[in-house]
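Descriptive analysis of the structure
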Amino acid sequence: MKITYLGTAASEGLPAPFCDCPVCQKARKEKGKSVRTRSQALVDQSLLLDFPADTYFHCLEYDVDLLQVTDLLVTHSHSDHWYPGDLFTTVEPYGHHREDYLLTLHGNQTVCRQFAEGIGTEESLVPKTVHYQVAKAFQPFSAGEYRVTPLPADHCYTEEAFFYLIEREGKALLYAHDTGYFLDGVWEYLASRKDLRLGLVSLDCNHGFEDNLHNHMCFTTDAKVRDRLKELGLAGEETVFVCNHFSHNGGGTYEELAARGAELGMRVSYDGMTVEF
């Protein structure tokens, strides 16, 4: 299994457009890996995680072929993860493709309602190309070759936000954005999965160097999650742990963040990073 981090920032991006804080100033000067776009990832070639307004740029920058994507998993309706208006390009005359092309959207009730009542109404052909399925916590579903289990996130308290456990042919990926320290029900579910061995765990690190347990996480909380997953036997020395989803408010250029990650034995994401496991 392979994951490509297309965007690794929080909602304002990094550097933030209306900000002159020291972190944003450094990012503008250093550029490279310190510049981050809004959160999105691609699993292999067919499973897309989140759909921000930066999707078009990601396709250009990282040679993403959206016509190979069969399933879209949306974590929640915040605009840095969900920008449904761009789905108008899935239909004629904006997009030309084989007649049987189908994209399946998976998300919570809010995400699916926004799709159905928004672009699904404005462009009548879109629902013929993009189908949606309402995801429910702890209820696994098939997404192409993958078995996906939505897990309730400690985030976005006006709706039920999710993060996702993704499995295929004995491989497993836990993509945990946006969330604080996992809820008790999530830990109970994970503890019940005696068959599960995680190859890669991607953890929210929005607060970076600042301690934080709820709504988002930080390096310290990421380490706590890692240690508990290992205690449960769900992860081991071979498991890749990645800290992701950074904000200027959490502090640090890429090099500074990567140094802290290395101290904890975890990798720090950057836009365009690919990890195979």
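Residues numbered from 1 in each chain as written. Predicted model: local features only at pLDDT ≥ 70, side-chain atom pairs only at ≥ 80, totals over all residues. Heavy atoms only, no water.

A negative phi angle characterises most non-glycine residues, just as the trans form characterises most peptide bonds. Pro 93 follows Glu 92 through a cis peptide bond whose omega is 0 degrees. As for its placement among the helices and strands, Pro 93 is situated in the loop between β4 (71-73) and β5 (103-107). Here the residue pair His 177 and Asp 178 is connected by a cis peptide bond, since its omega of -25 degrees sits within 30 degrees of zero. Inspection of the secondary structure puts Asp 178 in the loop between β10 (171-176) and α6 (184-192). Phi at Asp 44 is positive, roughly 50 degrees, even though this residue is not glycine. (Helix = DSSP H or I, 4+ residues; strand = E, 2+ residues; numbered from the N terminus.)

The tally for this structure, following the rule as stated, stands at ten aromatic pairs. Aromatic side chains Phe 88 and Tyr 94 sit 4.8 Å apart centroid to centroid with 85 degrees between the ring planes, which places their arrangement in the edge-to-face category. Ring geometry for Phe 182 against Trp 187: centres 5.0 Å apart, planes inclined by 35 degrees, an arrangement best described as tilted. Residue classification places Phe 182 among the buried residues on the basis of a relative accessible area of 2%. Judged by its relative accessible area of 2%, Trp 187 falls in the buried class. A network of ring pairs unites the aromatic residues Phe 163, Tyr 181, Phe 182 and Trp 187 as a single cluster. Lying across the ring of Tyr 270, Lys 33 places its NZ or CZ 4.2 Å from the centre. (Phe/Tyr/Trp six-rings, centres within 6.5 Å; stacked < 30°, edge-to-face > 60°. Buried < 20%, exposed > 50% of the residue type's maximum accessible area, 1.4 Å probe, protein only. Lys NZ or Arg CZ within 6 Å of the ring centre and 35° of its normal.)

By size, the foremost hydrophobic cluster in this structure holds 35 residues, and its most contacted members are Leu 174, Phe 182, Leu 190, Leu 198 and Leu 229. Of all the elements in the fold, those that place two or more residues in this core are β9 (162-168), β10, α6, β11 (200-204), α7 (219-231), β12 (240-244) and α8 (254-264). Residues in contact with Phe 182, not counting those within four places in the same chain, are Phe 163, Leu 174, Ala 176, Trp 187, Leu 190, Leu 203, Met 217 and Val 225. By size, the runner-up hydrophobic cluster in this structure holds 25 residues, among which are Ala 137, Phe 162, Ile 166 and Val 240. (Core = buried A, V, L, I, M, F, W, Y, C linked by side-chain atoms within 4.5 Å. Contact = heavy atoms within 4.5 Å.)

Glancing now at the packing of α7 against α8. Their axes nearest at 11 Å, the elements α7 and α8 cross at an angle of 30 degrees. If you check the angle between α7 and α8, you find them roughly parallel. Relative to α8, the crossing made by α7 is right-handed. Together, Phe 219, Ala 223 and Arg 226 of α7 and Leu 257, Arg 260, Gly 261 and Leu 264 of α8 make up the contact between the two elements. Looking at side-chain class alone, the contact of α7 with α8 contains four nonpolar, one polar and two charged residues. (Axes fitted to C-alpha atoms, helices over the stretch in contact; angles between N-to-C directions. Parallel < 35°, antiparallel > 145°, perpendicular 65-115°, else oblique. Left-handed = near helix turned anticlockwise from the far one by under 90°. Nonpolar A, V, L, I, M, F, W, Y, C, P; charged D, E, K, R; others polar.)

With that out of the way, let us pick up helix α1 (residues 22-30). Residues Val 23, Cys 24 and Ala 27 constitute the buried set of α1. Take α1 and look down its axis: the buried residues cluster within an arc of 95 degrees, on one side only. Among the exposed residues of α1, those oriented more than 90 degrees off its buried face are Pro 22 and Lys 29. Lys 31 occupies a position one or two residues after α1 and carries a positive phi of about 55 degrees. (Arc of directions from axis to C-beta.)

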